[in-house]
Each structure stands twice: as C-alpha cells, then as structure tokens.
Amino acid sequence: MPTKQRQQVRKGDHGGMQLVLTEDVPFLGKQGELVEVKPGYGRNYLLPKGLATLPSEHNLRLLERYKVRVHQAREARIADLKAMADQIRRTPIQIEANANEEGHLYGSVGAPEIAKALRGKNLHVEPDMVKMEGPIKEIALYAVKIHLGYEIDSEVQVVVIRQAEKK
C-alpha cells in the first residue's frame, strides 16, 4: 500500500512558514497577501480559525483571480465608509444625562451611548469604533473621533445636556 505524502509547508526567507491570508489580520496583512509567520502562530491560530491557507499552486492561481474581486469590493466598501464619514461629520448628536446644578454628570457618557445615539440616526457605528480619551463627565460640547476602518476617521459633535426633570 503506497504511503500518502503530506503537504510540505513553504518556508520563507527568515525560516517561518508562508501563508496566504483569507481575511484581513490586524498588524499582519490584508486579505490575499502572502505573509511569513512563525510556525506556531500559523499552525495554532491562523489556519484553525480560517484566517489563512497554505499557498499551494492551485491556491496561488485562485488568489490572482480572487484579488481582483477583493480589490473591487474593498474600493466599494471604502467609498461607502467615506460617504458615512461625511454624514457623521454633518450630524451632531445630543445626549441627555442626569446632572447636578454645576453641570457634573451623576454617571458618565461613554462610547456605547455615543454609538447608540448614532445608530438612532441610521448611522451604523459600533462602540469599539468610538475613540475617546476617557468618559465624558460634564455637560458641554465635545468633538469625538470615530474610526470606521480602512484608515477612515471622522469626528462627531456630541452635545451633552441635562435631562429634563420629571414631575
């Protein structure tokens, strides 16, 4: 009975294993790139999670065709995000919070509250996209940065006002 040959993993210039990324991986590379990683990282993380695949001849041929489609999809996504960034810049949001007479909030306004206010205006922003130095603790007008991805940033004007008292 003939023995099955196992597929050899390509070695890179620096002794690591070469992989083709199937999705964007932060601090490593973009989708479709051929990258070199340490063997343990590739074997234990990238390959089992489906973030990368082995660069066989067949996969490399498919990659060339796939890159064109990925590039078109990426350009369309970037255009959508730029339009959304302009919309966010033009849309100020108002958040009501409990505060005392001096204007200090009893709680704080953070990224989840800002994201919820933007979603209320049909702008799909997740809390992890909102970049703040710290929570807002006073009534005032703030400029908050929003990182939408693909190096597209925007800034939203947040007005924190005192909540109307219920009688």
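Residues numbered from 1 in each chain as written. Predicted model: local features only at pLDDT ≥ 70, side-chain atom pairs only at ≥ 80, totals over all residues. Heavy atoms only, no water.

**Concerning the sheet that holds strand S8 (residues 141-149)**
Short version of the rule: Note: two strands are recorded as paired if DSSP finds a minimum of 2 bridges between them. In this text, helices come from DSSP runs of H or I with a minimum length of four residues, and strands from runs of E with a minimum of two, each type numbered from the N-terminal end. By definition, residues are in contact when any of their heavy atoms lie within 4.5 Å. Between the N-to-C directions of two axes lies an angle of 0 to 180 degrees, each axis being a line fitted to C-alpha atoms and, for a helix, fitted only over the stretch in contact.
Strand order in this open sheet of four strands is S4-S9-S8-S6, and the pairing throughout is mixed. This sheet does not close on itself; its edge strands, each paired only once, are strand S4 (93-97) and strand S6 (130-131). Sheet analysis places S6 next to S8, joined by two bridges and oriented antiparallel. The residue of S8 that forms the bridge with Val 130 is Ile 146. On the sheet, helix H2 (residues 57-90) packs against S8 and strand S9 (152-162) and is oriented at approximately 30 degrees with respect to S9. Most of the contacts of helix H3 (residues 111-119) go to S4, to which it runs at about 130 degrees, and overall it touches S4, S6, S8 and S9.

**Brief notes about the sheet that holds strand S1 (residues 17-21)**
If you trace the three strands from one edge of the open sheet to the other, you get S2-S1-S3, paired in antiparallel fashion. Both outer strands of the open sheet, strand S2 (34-37) and strand S3 (52-53), are each paired with one neighbouring strand and no more. Helix-sheet contacts for helix H1 (residues 39-46) involve S1, S2 and S3, and the interaxial angle to S1 is about 40 degrees.

**Quick word on the environment of Ser 108**
Following the sequence through the fold, Ser 108 ends up in strand S5 (residues 104-109). Counting along the chain gives 34 residues from Ser 108 to Tyr 142, while the straight-line C-alpha distance between them is 13 Å. Once you skip the residues sitting within four places of it in the chain, Ser 108 turns out to touch Glu 113, Pro 135, Ile 136 and Lys 137.

**Notes on the nonpolar core**
Definition in use: We call a set of buried residues a nonpolar core when its members are Ala, Val, Leu, Ile, Met, Phe, Trp, Tyr or Cys and they connect through side-chain atoms within 4.5 Å of each other. When accessible area is computed with a 1.4 Å probe and restricted to protein chains, residues below 20% of their type maximum are described as buried, those above 50% as exposed, and intermediate ones as partly exposed.
Core analysis: the largest hydrophobic core is formed by 28 residues, its most contacted members being Ile 114, Ile 146 and Leu 148. Among the elements of the structure, H2, S4, S5, H3, S8 and S9 are those that each provide at least two residues to this core. Residues contacting Leu 148, with those up to four places away along its chain left out, are Leu 81, Met 84, Ala 85, Ile 88 and Met 129. Met 17, Val 35, Val 37 and Ala 52 belong to the second largest nonpolar core, which has nine residues in total.

**Describing the packing of aromatic side chains**
Rules: The pairing test for Phe, Tyr and Trp rings, Trp by its six-membered ring, is centres within 6.5 Å, and the orientation test on the planes gives stacked under 30 degrees, edge-to-face over 60, and tilted for anything in between.
Counted according to the given criterion, the structure contains one aromatic pair. Look at Tyr 41 and Tyr 45: their rings are 5.5 Å apart centre to centre, the planes differ by 10 degrees, and that puts the pair in the stacked class. Here Tyr 41 pairs with Tyr 45, and both are found in helix H1, just four residues apart, close to one helical turn. By relative accessible area, which is 34% here, Tyr 41 ends up partly exposed. On the basis of relative accessible area, Tyr 45 is assigned to the partly exposed category, the value being 35%.

**Structural notes on unusual backbone geometry**
Residues other than glycine seldom take positive phi values, yet Asn 122 does so here, at roughly 65 degrees. Along the chain, Asn 122 falls in the loop between H3 and S6. Here the phi dihedral of Glu 151 falls at roughly 60 degrees; this positive angle occurs in a residue that is not glycine. Here Glu 151 shows up in the loop between S8 and S9.

**Concerning the pairing of S1**
Every other side chain in a regular strand lies on the same face of the sheet, so the side chains alternate between the two faces. For S1, the tally of buried residues reaches five of five residues, placing the bulk of the element in the interior. What you see with S1 is no split at all: Met 17, Leu 19 and Leu 21 on one side and Gln 18 and Val 20 on the other are buried throughout. Pairing geometry for S1 and S3, over two bridges, is antiparallel. Across the sheet, the residue bridging to Leu 21 is Ala 52, located in S3.

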